[in-house]
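So you can see what is in the structure, the chains are spelled out below.
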Amino acid sequence: MPAYKKDFADHHDAELTLKLYELRREPVMREARNAINTQFFPKSLDDVLTVTKTDHPLNAAFRQVGSYWEMTYALAKHGVVQPEFMLESCSEGLYLYVRVLPFLAEVREVYNPDLFRNAEWIADSCDLARARVAFFTKRVQSTMAAR
């Protein structure tokens, strides 16, 4: 079943997008985002699977950040918020998605068949998301080359 997509943003989209921003500023969430965005650069399937283990230092941050962005992108997938409008200020989740993408099929087989399904949907459904994925891919490649 294809997801419903709103054609135009309205004041409800603005309210939800502002609320999503508010949630990103919450101290524990901000700390988790910082940890994932500065420390999680998997080079292999094992690197991704290792962070899913509960005793890994980034596990809680990975789960919090990943589930936050999946929830966010579900709002767009199910027509609650207009995707392009939301992505103008809520594309950071695609940065995590891009880092896991080379291993995603295998991670889904081993760990969770639904991992990043909403990020995948938005990445494939919107021109703006495709542009952000391309941008983040270059950023990740540059960061990985510098490490």
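Since the structure is predicted, the reported quantities are computational estimates derived from the model, not experimental observations.

A short note on the overall build of the protein
Here's step 1: Within the protein one finds nine helices and zero strands.
Here's step 2: Taken from N to C terminus, the helices and strands of the protein fall in the order α-α-α-α-α-α-α-α-α.
Here's step 3: Taking 2.2 N^0.38 as the reference for a compact globule, 147 residues should give roughly 15 Å; the C-alpha atoms of the protein span a radius of gyration of 15 Å, in line with that estimate.
Here's step 4: Here the protein holds 147 residues, and 44% of them are scored as buried.
Here's step 5: Excluding contacts between residues fewer than 6 apart, the proportion of contacts in the protein whose partners are at least 24 apart in sequence is 72%.
Here's step 6: Total accessible area on the protein stands at roughly 8,100 Å², and carbon and sulfur atoms take up 55% of it.
Here's step 7: Charge-centre separation for the protein: the mean point of 19 positive side chains lies 4 Å from the mean point of 20 negative side chains.

Regarding the layout of surface pockets
A probe matching the size of a water molecule, rolled over the atoms, marks out where space remains unfilled.
Here's step 1: Considering only enclosed or pocket space, the largest pocket measures out at about 150 Å³ in volume.
Here's step 2: In terms of lining, the largest pocket is formed by Phe62, Arg63, Gly66, Ser67, Glu70, Tyr111, Asn112, Leu115 and Phe116.
Here's step 3: The class makeup of the residues in the lining of the largest pocket is four nonpolar, three polar and two charged.

Points about helix α4 (residues 59–77)
Here's step 1: For α4, spanning 19 residues, the distance from its first C-alpha to its last is 26 Å, which sits close to the expected 27 Å at 1.5 Å a residue.
Here's step 2: Summarising the contacts, the buried residues of α4 are in contact with α1 (11–24), α2 (27–39), α3 (45–51), α5 (83–87), α6 (92–100) and α8 (117–125).
Here's step 3: Phi turns positive, to about 80 degrees, at Gly79, one or two residues after α4.

Topic: the packing of aromatic side chains
Here's step 1: Summed over the entire model, instances satisfying the criterion amount to seven aromatic pairs.
Here's step 2: Ring geometry for Phe41 and Tyr95: centres 6.4 Å apart, planes at 70 degrees, overall edge-to-face. Here the residue Phe41 occupies a position in the loop between α2 and α3, and Tyr95 occupies one in helix α6, the gap between them amounting to 54 residues.
Here's step 3: By relative accessible area, which is 10% here, Phe41 ends up buried.
Here's step 4: Measuring from ring centre to ring centre gives 5.7 Å for Trp69 and Tyr73, while their planes differ by 25 degrees; the resulting arrangement is stacked. Separated by four residues within a single helix, Trp69 and Tyr73 lie in helix α4, roughly one turn from each other.
Here's step 5: A relative accessible area of 0% places Tyr73 in the buried class.

A look at the pattern of salt bridges
Pairing between side chains becomes possible if they bear opposite charge and their charged atoms approach one another.
Here's step 1: Scanning the model with the defined rule gives five salt bridges in all.
Here's step 2: The partner of Asp127 in a salt bridge is Arg130, and the shortest N-O contact between them spans 2.6 Å. Of this pair, Asp127 and Arg130 both sit in helix α9 (residues 127–146), three residues apart, which is roughly one turn of that helix.
Here's step 3: The class for Asp127 is exposed, based on a relative accessible area of 59%.
Here's step 4: If you follow the salt bridges from partner to partner, you end up with Arg108, Arg117 and Glu120 in one network.

Topic: the packing of α4 against α8
Here's step 1: Contact pair α4 / α8: the axes reach a minimum separation of 8 Å and the direction vectors enclose 50 degrees. The angle between α4 and α8 falls in the class oblique. Relative to α8, α4 is oriented so that their crossing is left-handed. Between α4 and α8, the contacting residues are Glu70, Tyr73, Ala74, Ala76 and Lys77 on the first element and Arg117, Asn118, Ala119, Trp121 and Ile122 on the second.
Here's step 2: Class assignment of the residues belonging to the contact of α4 with α8 gives a composition of six nonpolar, one polar and three charged.

About the cut-offs
- Residues numbered from 1 in each chain as written.
- Predicted model: local features only at pLDDT ≥ 70, side-chain atom pairs only at ≥ 80, totals over all residues.
- Heavy atoms only, no water.
- Helix = DSSP H or I, 4+ residues; strand = E, 2+ residues; numbered from the N terminus.
- Rg over C-alpha atoms; globule rule 2.2 N^0.38 Å.
- Buried < 20%, exposed > 50% of the residue type's maximum accessible area, 1.4 Å probe, protein only.
- Contact = heavy atoms within 4.5 Å.
- Areas by Shrake-Rupley, 256 points an atom, 1.4 Å probe, with all protein chains shown as cover.
- Lys, Arg positive; Asp, Glu negative; His and termini not counted.
- Charge placed at Lys NZ, Arg CZ, Asp CG, Glu CD.
- 1 Å grid on protein atoms, 1.4 Å probe; cavity = no way out; pocket = protein on both sides within 12 Å on 5 of 7 lines; lining within 4 Å.
- Points joined across faces, edges and corners; volume = space filled by probe spheres on them.
- Nonpolar A, V, L, I, M, F, W, Y, C, P; charged D, E, K, R; others polar.
- Expected span 1.5 Å × (residues − 1).
- Phe/Tyr/Trp six-rings, centres within 6.5 Å; stacked < 30°, edge-to-face > 60°.
- Salt bridge = Lys/Arg side-chain N within 4 Å of Asp/Glu carboxyl O.
- Axes fitted to C-alpha atoms, helices over the stretch in contact; angles between N-to-C directions.
- Parallel < 35°, antiparallel > 145°, perpendicular 65-115°, else oblique.
- Left-handed = near helix turned anticlockwise from the far one by under 90°.

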